[in-house]
Amino acid sequence: MMNRILTHDQIQHITKRIAYQIYESNVDEEEIIVAGITGGGESFAKKIVAVLKKITDAHIVMCKMDMDKKNPLTSGVTTSLGEEAYKNKSIVLVDDVLNSGTTLIYGTHHFLKTPIKRLKTAVLVNRNHKKYPIKADFKGISLSTSLNEHIRVDFEPKNNAVYLE
């Protein structure tokens with residue numbers, strides 16, 4: 001059974017709200033790096049970047065973060081930007097769903113190997129099943145779900161949706 005939790009319009013509203021929160025926490029920055037984790041995180045990051053570019057004069061840089069979400073320790077973490085591009089910069093790490101916290105903690109670890117100015121996290125859905133001490137600084141919605149339930153995020157053009165399966 002599938003229940004629609006967020007509609008396209010609700011996701012658009014959440015994206016705009018999170019973009020404004022990111023802007024407010026980085027109001028004095030000349031450049032903001034938005035790093036989206038492969039898959040839904042990258043799609044959500046692109047939506048946030050589009051809004052940020054409309055509301056701030058800061059230089060907004062999109063960064064793609066790749067890792068094997070099932071086994072990030074073995075696969076390692078890579079980014080589309082070199083270390084010099086984000087050194088001493090403000091970074092926002094974005095994923096679609098915060099479930100166990102595995103992808104966010106390994107993504108955070110990757111950036112913490114370099115001196116950075118600030119690191120924040122943003123997620124569309126926070127499930128509250130964390131294995132690691134990581135939180136979302138900016139979140140769309142928080143859901144208390146059972147471990148048997150699955151959250152599916154669809155970023156289809158003009159038909160974004162979040163489902164509980």
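Chemist: Give a description of the sheet that holds strand β7 (residues 138-142) that names residues and reports values.
Modeler: Across the sheet, which stays open at both edges, the six strands sit in the order β4-β3-β2-β5-β6-β7 with mixed pairing between neighbours. In this open sheet, the two edge strands, each paired with only one partner strand, are β4 (78-79) and β7. Here seven bridges tie strand β2 (residues 31-37) to strand β3 (residues 59-66), and the two strands are oriented parallel to one another. Residue pairing across strands places V34 opposite M62, the latter belonging to β3. Taken strand by strand, helix α2 (residues 40-55) contacts β2, β3, β5 (90-98) and β6 (118-126), and its axis lies near 155 degrees from that of β2.

Chemist: So, the packing of aromatic side chains: which residues are in play, and what are the values?
Modeler: Overall, the coordinates contain three aromatic pairs when judged by the stated rule. A centroid spacing of 6.2 Å and a plane angle of 10 degrees characterise the contact between F44 and F155, whose relative ring orientation is stacked. Remark: F155 occurs in strand β8 (residues 151-156) and F44 occurs in helix α2; sequence separation between them is 111 residues. Ring geometry for Y106 against Y132: centres 6.4 Å apart, planes inclined by 75 degrees, an arrangement best described as edge-to-face. With Y106 in helix α5 (residues 102-111) and Y132 in the loop between β6 and β7, this pair connects stretches of sequence that are 26 residues apart.

Chemist: Before we move on, could you go through the packing of helix α1 (residues 8-25) against α2 and cite the residues and values that matter?
Modeler: Relative orientation of the contacting elements α1 and α2 amounts to 60 degrees, with a least axis distance of 9 Å. With respect to each other, α1 and α2 are oriented oblique. Handedness of the α1/α2 crossing: right-handed. In this structure, α1 uses I11, Q12, T15, K16, I18, A19, Y20, I22 and Y23 to contact α2, whose residues at the interface are F44, K47, I48, V51, L52 and I55. Partitioned by chemical class, the residues of the contact of α1 with α2 number 11 nonpolar, two polar and two charged.

Chemist: Explain the layout of surface pockets to me, and be specific about the residues and the numbers.
Modeler: Taken as a whole, the largest pocket spans an internal volume of roughly 420 Å³. What lines the largest pocket is a set of 14 residues, and nearest its centre among them are K69, V97, N99, S100 and T103. The set of elements that each furnish at least two residues to the lining of the largest pocket consists of β5 and α5. With three residues, β5 is the largest single contributor of residues to the lining of the largest pocket. Each residue belonging to the lining of the largest pocket can be placed in one class, and the counts come to two nonpolar, six polar and six charged. Listed by contribution, the elements that provide at least two residues to the lining of the second largest pocket are α1 and α2. In terms of residues, the lining of the second largest pocket owes the most to one element, α2, which gives five residues. By residue class, the composition of the lining of the second largest pocket is four nonpolar, two polar and three charged.

About the criteria used
Residues numbered from 1 in each chain as written. Predicted model: local features only at pLDDT ≥ 70, side-chain atom pairs only at ≥ 80, totals over all residues. Heavy atoms only, no water. Pairing = 2+ DSSP bridges. Helix = DSSP H or I, 4+ residues; strand = E, 2+ residues; numbered from the N terminus. Contact = heavy atoms within 4.5 Å. Axes fitted to C-alpha atoms, helices over the stretch in contact; angles between N-to-C directions. Phe/Tyr/Trp six-rings, centres within 6.5 Å; stacked < 30°, edge-to-face > 60°. Parallel < 35°, antiparallel > 145°, perpendicular 65-115°, else oblique. Left-handed = near helix turned anticlockwise from the far one by under 90°. Nonpolar A, V, L, I, M, F, W, Y, C, P; charged D, E, K, R; others polar. 1 Å grid on protein atoms, 1.4 Å probe; cavity = no way out; pocket = protein on both sides within 12 Å on 5 of 7 lines; lining within 4 Å. Points joined across faces, edges and corners; volume = space filled by probe spheres on them.

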